[in-house]
Amino acid sequence: MKKSLWTLFALMLALSLALAGCSSSGGDSSKGGDDGKVDPNNVMIYGRGGDSVALDPAVVTDGESFIVTEQIYEPLVNYGKDNTDIVPGLAKEWDISEDGLTYTFTLEEGVKFHDGEKFNADAVVKNFDRWAQSKDGEKFAYYGSMFGGFEGDEGHVIKDVKADGDYKVVITLSKPQAPFLKNVAMSPFAIASPKSLDGDKLSKEPVGTGPFKFKSWKPNDTIVLEKNADYWVKDMPKLDGVTFKVIKDNSSRLNALTKGEIDLMDALNPSDMKKVSDNGKLQLFERPSMNVGYLGFNVEKAPFDKKEVRQAISHLIDKQAIIDNFYEGTAEPAKNPMPPSIAGYNDEIQDREYDEAKAKELLAKAGLEKGFEMDLWAMPVARPYMPNGQKVAEAIQAKLAKVNIKANIVTFEWGTYLEKVQKGEAPMFMLGWTGDNGDADNFLYTLLDKDTIDSNNYSRYANEDVHKLLVEAQTTADEAKREELYKQAQVIIHEDAPWVPLVHSKPQLAGASKIKGFVPHPTGSQSFADVSFE
Amino acid sequence: MFAYTIRRLATLVPVLLGMTFIVFMMIRAIPGNPAQLILGQQATKEAVASLTKRLGLDQPWYTQFIDYLTGLFTGDLGVSLKTNVAISEEIWPYLAATIELAFVAMVIAIVIGVNAGIISAWFQNSWFDYTAMVLALIGVSMPIFWLGLMEQYVFSIHFDLLPTTGRDNIRVPVDPITHLYLIDTLIQGRMDQFGEVVKHLILPGVALGTIPMAIIARMTRSSMLEVMRSDYIRTARAKGMKMFWVVYKHSLKNALIPVVTVIGLQTGLLLGGAILTETIFGWPGIGTYIYDAISYRDYPVIQSGILVVATIFVLINLLVDLLYAAIDPRIKFK
């Protein structure tokens, strides 16, 4: 009897070992790539939490799509390596008319699309025509929102786009738009091969001029890009390819990085930073902050329709303690609705310091010295500006209790949460925003103008003076004047306190120590053209 | 038996129809407009309204339901709102990934679970019995999330034996044919890749197989104990038959009948319930496909995804019922 038991154990053990021992011969595989030139060890594997929606940048709005299209396509102008200053892209230089209405771009010559088509002025015109003439706000959501609608619409900023010879493009605006170049540099306005625009294949078979070419896509698993050997920038790209791999769980993604299965990962949990810095084979990367996490009030709902109540609560949020406990110090306290890196930031504003006595005084002024009860909506998902909404809400709840404000923490599934907050159902809620183009307009007008109530102005904050300043800034070409206008707007917003700005976080990435030349961009996606392995 | 099978298949139609209706109504009860989620926070109100109209979401629910059913009868599962691709075209790779994983999980669960149950019954009240049953109790109550991460930590990072995530080696990926990678790599004669695929299946297979393994072990043990107390087993032993044959030949056949039911039910559950394992192990399966669709309010994918999983579930149950007859000829179908 004993013997048969042992035999059984031995069999099971042998089976497990045989399975575990199945060896791979990845290194000497004869099938490293299509042409045999690709060295699998010179391909960077980028681990991320979600898949792309589509590979046509003009039709998507999500960061997971842009991080891939950024490698395949290029826009006319680019952002600086680690900032949102404008530098040449497919256009090597540009000229802006005095009245700010005519932009003349001189294009790079000798650039080819991945399908062999020539890049020239006609290609640019065809791309702009495709967006403007579609009149399709569903499909080209970013075009409509950044350029005030489509051809024929009253607010449409781009009057026409014309080729002047093979390598000159003239864009005429119907009215000056100060952030125009910053908008043109955005991922959605990258130029695709004119041939690929016929039919509807671009979402699955992208064709651009970028450093990497599309090879294959296994949905929810991997997207494989290979080196564009004919890339127009000399000695680039340095890698043989980039593969994007979806691993939803942040901890598993870090495990895969530690094991060497992936080379770079985004969305590192702040609490895992020490694991990375203690591991000699890994390194940390910090994305410069271009976001804001905030606590918003619905200013139409009592008691938050009273300015004093909003100011009182502003005095009860201990931002530094929140940053130390839930961001591992990787954020800075916010005092304005936009981060300091953006031109027009008003550093003279004095933040409301943590002060219970002051808060009580303000509450008494509003006739609420006995306190009150309300719902605090906590974000159900981790976002770069809010890694743990539930915990931050609990910390805020404890502080509010000190002045007899009873906050009941409420949360919903993310899609539901956004919809309900947008409809104005939440009296006090946590949310945040990551900027699209590094312009103050993209924070202040988008989030706090009376025009954007029912859209992104979840606080439903409307102030006529702020509105006038923001609209004037939109159409002012003089940068110094614009900055002044934004600074004035921030003063009024600070006084009205429709939000308690909480933090500007610096999202963390982790990578293998062999990675060189990787500079995370504040917009959230960047080209890997000059990344290499040591 | 043929008539019985046909009759059973016919009763599946109302079951699946009812389920389709319930899922249809439930997902529409969740707040959150798909058009808004698709277009993102930047979208204008006009764009959201126009997309809502184009998707037919402004129609009354019964019109939408009838349209959906009409599509189903012509084999049209609908088009994903997110990717704009026909679901019938994109669902198979996800389903294949989950089927492969669930298959391995069930093989692990059955081989270890049934044997642990048998040995526990055979050596009732021994150290093995106690250990196995305590482990089974832990197994049933273990959160998959925690188990998966622990497996990765121990077997991948600490002992460096197995990969942490994915279905294949990302640097030398499998070219899918059937999307069942074990089969694909064999067809292509890539034994190196076959080995990789097997290695990638072990940790998620164990994580997913743990709960059914524990349930099967406990079920087998109690069923075996009952059978082994019966007269015919006593007779067999009295005749001097070797214990191994008594257990594995005479007892097992009868003890397996309830176990087969449990196996059938668990297999069905694994197909739909692999979501946590898939999340932890970066496994592109049907669980994550449906879960993503829910976050995105991709109504057609939620509906058709659940319908496909439910269909497989009821078919497995039918198969289990039919298997009864094969194991136990006393069972007659009426």
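Residues numbered from 1 in each chain as written. Chains lettered and ligands numbered in written order. Predicted model: local features only at pLDDT ≥ 70, side-chain atom pairs only at ≥ 80, totals over all residues. Heavy atoms only, no water.

What exactly am I supposed to notice about the overall build of chain A here?
The helix and strand inventory of chain A stands at 15 helices and 21 strands. For chain A, whose C-alpha radius of gyration is 26 Å, the value lies close to the compact-globule estimate of 24 Å for 534 residues. Each principal axis of the C-alpha atoms in chain A carries an extent, and together these give about 85 × 80 × 35 Å. Within chain A, buried positions represent 56% of all 534 residues. Taking as baseline every contact in chain A between residues at least 6 positions apart, the subset at least 24 positions apart corresponds to 68%. Here chain A has roughly 21,400 Å² of accessible surface; of this, 49% comes from carbon and sulfur atoms. The averaged location of the 83 negative side-chain charges in chain A is 6 Å from the averaged location of its 62 positive side-chain charges. (Helix = DSSP H or I, 4+ residues; strand = E, 2+ residues; numbered from the N terminus. Rg over C-alpha atoms; globule rule 2.2 N^0.38 Å. Buried < 20%, exposed > 50% of the residue type's maximum accessible area, 1.4 Å probe, protein only. Contact = heavy atoms within 4.5 Å. Areas by Shrake-Rupley, 256 points an atom, 1.4 Å probe, with all protein chains shown as cover. Lys, Arg positive; Asp, Glu negative; His and termini not counted. Charge placed at Lys NZ, Arg CZ, Asp CG, Glu CD.)

Would you take a moment to explain the overall build of chain B for this structure?
Helix and strand counts for chain B stand at 14 helices and zero strands. Counting from the amino terminus, chain B carries its helices and strands in the arrangement α-α-α-α-α-α-α-α-α-α-α-α-α-α. The principal-axis extents of the C-alpha atoms in chain B amount to approximately 85 × 55 × 40 Å. Counting all 334 residues of chain B, 54% fall into the buried class.

For this particular structure, what's the right way to read the environment of A:Gln320?
Of note, A:Gln320 is situated in helix 9 (residues 319-326). Between the alpha carbons of A:Gln320 and A:Ser65 there is a distance of 34 Å; along the sequence they are 255 residues apart.

Help me understand the side chain of A:Arg352, please; the structure alone is not making it clear to me.
Residues and elements named next belong to chain A. Structurally, the position occupied by Arg-352 is in the loop between strand 14 (331-333) and helix 10 (356-365). This buried residue, Arg-352, is left without a salt bridge; Glu-495 holds the nearest opposite charge, at 4.5 Å. The residues contacting Arg-352, other than those within four sequence positions of it, are Gln-311, Ser-314, His-315, His-494, Glu-495 and Ala-497. (Salt bridge = Lys/Arg side-chain N within 4 Å of Asp/Glu carboxyl O.)

It is not clear to me how helix 1 (residues 2-29) of chain B should be interpreted in this structure. Could you clarify?
Residues and elements named next belong to chain B. Helix length check: helix 1 (28 residues) gives 41 Å between terminal C-alpha atoms against 40 Å at 1.5 Å per residue, within 8%. Among all positions in helix 1, only Tyr-4, Thr-5, Arg-8, Leu-12, Leu-16, Met-19, Thr-20, Val-23, Phe-24 and Ile-27 are buried. In this structure, the buried residues of helix 1 make contact with helix 4 (61-73) and helix 14 (299-327). (Expected span 1.5 Å × (residues − 1).)

How should I be thinking about the sheet that holds strand 5 (residues 102-107) of chain A in this particular structure?
Pairing between the strands of a sheet comes from backbone hydrogen bonds, and it takes one of two forms, parallel or antiparallel. Residues and elements named next belong to chain A. With antiparallel pairing, four strands are arranged side by side in an open sheet as 4-5-7-6. Each end of this open sheet is capped by a strand with a single partner; those strands are strand 4 (91-96) and strand 6 (158-163). The sheet shows a mean angle of 15° between the axes of neighbouring strands, direction not considered. Pairing geometry for strand 5 and strand 7 (residues 168-173), over five bridges, is antiparallel. If you follow Thr-102 over to strand 7, its bridge partner there is Thr-172. (Pairing = 2+ DSSP bridges. Axes fitted to C-alpha atoms, helices over the stretch in contact; angles between N-to-C directions.)

What is the right way to read the confidence of the model for chain B from this model?
If pLDDT is low for a region, its predicted coordinates should not be looked at in detail. Mean pLDDT over chain B: 88, with 98% of residues reaching 70 or higher. This prediction of the complex comes with two scores: 0.88 for pTM and 0.87 for ipTM. (pLDDT = per-residue confidence, 0-100.)

Sorry if this is basic, but what is going on with the confidence of the model for chain A here?
In the predicted model, chain A carries a mean pLDDT of 90, and the fraction of residues at 70 or more is 93%. Note on residues 15-36 of chain A: pLDDT under 50 across the span, and 25 contacts to partners over four residues away in sequence or across chains.

Looking at this model, I keep getting lost on the packing of aromatic side chains. Mind explaining?
By convention here, two paired aromatic rings are described through the distance between centres and the angle between planes. Tallied over the entire structure, the rule returns 34 aromatic pairs over all chains. With a centroid separation of 5.2 Å and an interplanar angle of 75°, the aromatic rings of B:Phe21 and B:Phe65 are classed as edge-to-face. Highlighted residues: B:Phe21 in helix 1 and B:Phe65 in helix 4, separated in sequence by 44 residues. Note on B:Phe65: relative accessible area 10%, which makes it buried. With a centroid separation of 4.8 Å and an interplanar angle of 25°, the aromatic rings of B:Phe244 and B:Tyr248 are classed as stacked. Taken as a pair, B:Phe244 and B:Tyr248 lie in helix 11 (residues 243-273) at a separation of four residues, close to a single helical turn. In textbook terms, an aromatic cluster arises when at least three aromatic residues are bridged by ring pairs, as seen for A:Tyr103, A:Phe105, A:Phe128, A:Trp131, A:Tyr143, A:Phe147, A:Phe150, A:Phe180 and A:Phe189. The ring of B:Phe24 has B:Arg28 sitting right over it, with the charged end atom 3.8 Å from the ring centre. B:Arg167 extends its terminal NZ or CZ atom over the ring of B:Tyr181, reaching a point 3.8 Å from the ring centre. (Phe/Tyr/Trp six-rings, centres within 6.5 Å; stacked < 30°, edge-to-face > 60°. Lys NZ or Arg CZ within 6 Å of the ring centre and 35° of its normal.)

Can you walk me through unusual backbone geometry in this structure?
Leave glycine aside and you will find that most residues have negative phi; peptide bonds, for their part, are mostly trans. With omega at -10°, the peptide bond leading from A:Met236 into A:Pro237 counts as cis. Note that A:Pro237 resides in the loop between strand 9 (222-227) and strand 10 (241-246). Cis geometry is adopted by the peptide bond preceding A:Pro303, which originates at A:Ala302 and carries an omega value of 0°. For A:Ala267, which is not a glycine, the phi torsion comes out positive at approximately 50°. Along the chain, A:Ala267 falls in the loop between strand 11 (264-265) and helix 7 (273-277). One non-glycine residue, B:Asn125, adopts positive backbone phi at about 65°.

Sorry if this is basic, but what is going on with the environment of A:Trp414 here?
Residues and elements named next belong to chain A. Take Trp-414: it is sitting in helix 12 (residues 414-422). The buried category is assigned to Trp-414, whose relative accessible area is 15%. Once the C-alpha coordinates of Trp-414 and Leu-469 are considered, the two residues, 55 residues apart in sequence, prove to be 33 Å apart. Those residues within four positions of Trp-414 in sequence are excluded, and the remaining contacts are Met-379, Pro-380, Val-381, Arg-383 and Leu-431.

Would you mind going over empty space enclosed by the protein with me for this structure?
Where empty space is left in the structure can be found by rolling a water-sized probe over the atoms. Residues and elements named next belong to chain A. In total, this model carries five cavities of 30 Å³ or more according to the counting rule given. Its volume calculated, the largest cavity comes out at about 130 Å³. Around the largest cavity, the lining comprises 15 residues; the ones closest to its centre are Lys-335, Arg-352, His-494, Trp-499 and Pro-501. Secondary-structure elements contributing two or more residues to the lining of the largest cavity are helix 15 (479-496) and strand 18 (499-505). Tallied by class, the residues present in the lining of the largest cavity amount to seven nonpolar, four polar and four charged. (1 Å grid on protein atoms, 1.4 Å probe; cavity = no way out; pocket = protein on both sides within 12 Å on 5 of 7 lines; lining within 4 Å. Points joined across faces, edges and corners; volume = space filled by probe spheres on them. Nonpolar A, V, L, I, M, F, W, Y, C, P; charged D, E, K, R; others polar.)

Please clarify how the nonpolar core should be interpreted in this entry.
Side chains of nonpolar character tend, in soluble globular proteins, to be buried together. Within the largest apolar cluster, 79 residues are counted, with the highest numbers of intra-cluster contacts made by B:Leu201, B:Ile216, B:Met224, B:Val247, B:Ile286 and B:Tyr289. The greatest single-element share of this core, amounting to 18 residues, is contributed by helix 5 (residues 87-122) of chain B. With sequence-adjacent residues up to four places away left out, B:Leu201 is seen in contact with B:Glu100, B:Leu101, B:Val104, B:Leu182 and B:Trp283. Grouped together as the second largest cluster of nonpolar side chains are 70 residues, A:Val309, A:Ile342, A:Leu362 and A:Leu363 included. (Core = buried A, V, L, I, M, F, W, Y, C linked by side-chain atoms within 4.5 Å.)

Explain the interface of chain A and chain B to me, please; I cannot follow it from the model alone.
Taken together, the contact pairs 62 residues of chain A with 65 residues of chain B. Summed over both partners, the interface of chain A with chain B buries about 5,400 Å², with 57% contributed by carbon and sulfur atoms. The salt bridge partner of B:Asp168 is A:Lys218, with a shortest N-O separation of 3.3 Å. For the pair chain A and chain B, the interface holds 16 residue pairs in polar contact (both at pLDDT 80 or more). Within the residue set of the side of chain A that touches chain B, elements represented by two or more residues are helix 1 (2-21), strand 1 (43-48), helix 4 (141-146), strand 10, helix 6 (250-259) and helix 12 of chain A. (Buried area = accessible area lost by both parts, 1.4 Å probe. Polar contact = N/O pair within 3.5 Å; in protein donor to acceptor, adjacent residues only side chain to side chain.)

Would you take a moment to explain the side chain of B:Asp168 for this structure?
Positionally, B:Asp168 belongs in the loop between helix 7 (144-158) and helix 8 (181-187). A polar atom in the side chain of B:Asp168 sits 3.3 Å from the side chain of A:Lys218. A polar contact is formed between the side chain of B:Asp168 and the backbone nitrogen of B:Val174, at a distance of 2.9 Å. For B:Asp168, the contacting residues outside a window of four places in its chain are A:Lys218, B:Pro173, B:Val174, B:Tyr181 and B:His200.

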